[in-house]
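Structural characterization, general
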Amino acid sequence: MASEVARAERALHRRTALACGVAEHAGVPGRFRVWERAGVLAAVATDPALGFLATVSGVTRETVPAAIALLDAPVWAGVKPAIVVSAEFAELPAAGLVRARDRLLAVKRLEPRPVATPPEAIDVDVFVSVLLAGFGAHGVVTRFMAAEHRAPAIRRFLAVAEEVPIAAAGMTIHGDVAVLGAASTLPAHRGHGAQRELLHRRLDAAASAGCTLAVATARPDSASAVNLSRTGFDLHRRTAWRRP
């Protein structure tokens, strides 16, 4: 399972690189950089609204010192990055770091069944409109999400009720790993299974594309976490550590 978590973290890193690249091209405020150093995965977005992207991940027992040292690099430009880990490392509190909000990594093995299934034909403007309305995001976060989900690499899925789109979800494929990205439902239609439907449809599409692993993130103890668990995902609670 440790190897699957490592594969999942690397796929998420690649998804972040995709999102930051298109956001920068679209003129979203701030400076973006996604890179790897000494086996550690790092990402930074300097606009305060996108602080959740400032992370150091992929950390192993051997790379803990490199991850801690990376926190003091000038590249962060005043942003406080979080080291996100899936194991207990005593070196983190010993270095004076403090716990931030925990994060959840969900991983599911897939049985690949490669078939020639084209992506669903969905109007990009409709998809982005539903996704953003479901999130209720504002400002820079809205601009970042809109740029990310207009990228050609995004596979888009809509749930429809009486011919009206009510929920949206995205997915990207990185090698043989599918990253189930942002998903939201319009407030008036929540609690009726739209996200479970979209979750199953994305898993089917991932398996049809030859993927052997699916990965998603969620807030611990959230409705999304419950849906992922019920769909057979293994949930890994990850701790985040920052400079005080």
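Below you will find a few notes about this structure.

About the criteria used
The residue count restarts for each chain, going from 1 along the sequence in the order it is written. Local features in this predicted model are restricted to residues whose pLDDT is 70 or higher, and side-chain atom pairs enter the listing and the counts only when it is 80 or higher, whereas totals over whole chains, interfaces and linings include all residues. Excluded from the side-chain calculations are hydrogens and water; all other atoms, namely the structure's heavy atoms, are used. Each salt bridge in this description consists of a side-chain nitrogen of Lys or Arg and a carboxyl oxygen of Asp or Glu lying within 4 Å of one another. Numbering of helices and strands runs from the N terminus; a helix is a DSSP stretch of H or I covering at least four residues, while a strand is a stretch of E covering at least two. Buried, partly exposed and exposed residues are distinguished by accessible area as a fraction of the type maximum, computed with a 1.4 Å probe on protein chains only: under 20%, between the cut-offs, and over 50%, respectively. Grouping buried Ala, Val, Leu, Ile, Met, Phe, Trp, Tyr and Cys residues that are joined through side-chain atoms within 4.5 Å yields what is termed a nonpolar core. Residues are treated as being in contact if the distance between any of their heavy atoms lies within 4.5 Å.

A short note on the pattern of salt bridges
- By the definition in use, this model includes 13 salt bridges.
- Between E148 and R15 there is a salt bridge whose closest N-O contact spans 2.9 Å. Within this pair, whereas E148 is found in helix α5 (residues 139-149), its partner R15 is found in helix α1 (residues 2-25), the two being separated by 133 residues in sequence. For the pair E148 and R15, a shared accessibility class is recorded, and that class is buried.
- The salt bridge partner of E197 is R201, with a shortest N-O separation of 2.7 Å. Residue E197 and its partner R201 are both found in helix α6 (residues 194-208); the two are separated by four residues, about one turn of the helix.

Some points on the nonpolar core
- Core analysis: the largest hydrophobic core is formed by 24 residues, its most contacted members being M171, L180, L203, L228 and F233.
- Listing elements by their share of this core, those giving two or more residues are β6 (103-109), β7 (155-161), β8 (164-174), β9 (177-185), α6, β10 (213-218) and α7 (223-230).
- If sequence neighbours within four positions are ignored, L228 has contacts with A106, L199, A216, A218, F233 and L235.
- With 22 residues, the next largest nonpolar core counts W35, V40, A42 and F89 among its residues.

A look at the environment of A223
- If you trace the backbone, A223 turns up in helix α7.
- Here A223 falls in the exposed class, since its relative accessible area comes to 60%.
- Considered as a pair, A223 and G191 are 32 residues apart in the sequence and their alpha carbons are 9.6 Å apart.

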